[in-house]
Amino acid sequence: MSNFTERLHFRGLHFTVPGAHISGRAVVWAGLASGAVYLASLAILMPLFLGASPWAVPRVIAAMTQGSVALTPIDTFDISVLLAAIVIHFVLSMGYALVFAFIGKGHSIAADTLVGMVFGLALYVVNYYLATSLFPWFEQMRNWATVVAHLAYGGVLGAVYAAYASGRIGHHPAKMD
């Protein structure tokens with residue numbers, strides 16, 4: 001066995017890698033909760049304050065796999081676009097939550113919430129400035145609403161991860177992870 005696999009330990013939904021103890025349950029719930037808050041934030045902020053279609057965000061996300069054809073017409077509902085966007089968004093959200101688990105230690109909800117908000121801002125920069133070489137249509141999403149949504153995403157990510165990882169919620173004494 002390699003040195004890394006000898007040091008990788010799984011116990012239920014928890015796993016340990018050198019330097020980190022990760023709660024799989026916390027990653028899943030934090031990814032789902034923060035992903036939902038992000039989508040809800042944009043679904044409210046974009047139409048209400050920026051006059052954008054509520055279907056613009058799902059179309060921009062779906063275009064990551066469906067190409068630019070998913071972008072038109074930007075203001076109409078399409079179930080295949082919406083389903084693709086939801087799958088893509090929550091897969092990414094879970095991946096980001098896993099990355100966050102190496103940063104947020106799950107000891108303090110307040111600290112992890114703040115760290116999560118910084119993480120959310122970093123994701124904003126990565127998604128809307130660095131990823132535009134792959135997805136140029138992301139440039140149209142550079143606005144204060146997406147910044148606020150990323151702050152909300154990160155704050156919820158940190159708070160929920162800390163709450164689950166520390167056992168404050170989701171802990172069942174009769175059933176250990």
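Preceding block: the structure.
My aim in this report is to walk through the structure given alongside it, one point at a time.

### Notes on the side chain of Thr146
Along the chain, the position of Thr146 falls in helix H6 (residues 144–165). Among the polar contacts listed, one links the side chain of Thr146 to the backbone oxygen of Met141, at a separation of 2.7 Å. Those residues in contact with Thr146, other than ones at most four positions away along the chain, are Leu42, Tyr124, Tyr128 and Met141.

### Examining the layout of surface pockets
A volume near 270 Å³ is recorded for the largest pocket. Contributing to the lining of the largest pocket are 19 residues, with Tyr38, His89, Leu92, Tyr96 and Asn127 lying nearest its centre. Those elements that place two or more of their residues in the lining of the largest pocket are helix H2 (24–50), helix H3 (56–66), helix H4 (79–103), helix H5 (109–130) and H6. Split by residue class, the lining of the largest pocket holds 15 nonpolar, four polar and no charged. Volume-wise, the second largest pocket comes out at about 160 Å³.

### Re the nonpolar core
Residues Leu42, Trp137, Leu157 and Tyr161 are the most contacted members of the largest nonpolar core, which totals 38 residues. At the level of secondary structure, the elements contributing two or more residues to this core comprise H2, H3, H4, H5 and H6. Those residues within four positions of Leu42 in sequence are excluded, and the remaining contacts are Pro47, Val57, Ala145, Thr146 and Ala149.

### Here we look at the packing of aromatic side chains
Under the definition given, this model contains 11 aromatic pairs. Here the aromatic residues Tyr124, Tyr128, Tyr129, Phe135, Trp137 and Phe138 are joined through ring pairs into a cluster of three or more.

### Structural notes on H5
The end-to-end C-alpha separation of H5 is 30 Å, in line with the 32 Å expected for 22 residues at 1.5 Å each. Packed against the buried residues of H5 are H2, H4 and H6.

### Considerations on a nonpolar patch on the surface
A contiguous nonpolar patch, built from Ile44, Leu48, Phe49, Leu50, Trp144 and Val148 and spanning about 600 Å² of accessible area, is present on the exposed surface. Where the nonpolar patch is concerned, the elements lending two or more residues are H2 and H6. Considering the arrangement of structural elements, one finds Phe49 in helix H2.

### Some details on the side chain of Ser93
Here Ser93 is to be found in helix H4. If we ignore the near neighbours within four places in the chain, the residues touching Ser93 are Gly31, Ser34, Gly35 and Tyr153.

### A few points about the environment of Leu42
Topologically, Leu42 is positioned in helix H2. Looking at Leu42, the relative accessible area reads 1%, which means it is buried. Separated by 12 residues in the primary sequence, Leu42 and Pro54 place their C-alpha atoms 8.0 Å from one another.

Rules used in this analysis
- Residues numbered from 1 in each chain as written.
- Predicted model: local features only at pLDDT ≥ 70, side-chain atom pairs only at ≥ 80, totals over all residues.
- Heavy atoms only, no water.
- Helix = DSSP H or I, 4+ residues; strand = E, 2+ residues; numbered from the N terminus.
- Polar contact = N/O pair within 3.5 Å; in protein donor to acceptor, adjacent residues only side chain to side chain.
- Contact = heavy atoms within 4.5 Å.
- 1 Å grid on protein atoms, 1.4 Å probe; cavity = no way out; pocket = protein on both sides within 12 Å on 5 of 7 lines; lining within 4 Å.
- Points joined across faces, edges and corners; volume = space filled by probe spheres on them.
- Nonpolar A, V, L, I, M, F, W, Y, C, P; charged D, E, K, R; others polar.
- Core = buried A, V, L, I, M, F, W, Y, C linked by side-chain atoms within 4.5 Å.
- Buried < 20%, exposed > 50% of the residue type's maximum accessible area, 1.4 Å probe, protein only.
- Phe/Tyr/Trp six-rings, centres within 6.5 Å; stacked < 30°, edge-to-face > 60°.
- Expected span 1.5 Å × (residues − 1).
- Patch = residues over 30% accessible without salt bridge, like charges linked within 9 Å, V, L, I, M, F, W, Y side chains within 5 Å.
- Areas by Shrake-Rupley, 256 points an atom, 1.4 Å probe, with all protein chains shown as cover.
- Salt bridge = Lys/Arg side-chain N within 4 Å of Asp/Glu carboxyl O.

Function cannot be read off these values alone, since they describe shape.
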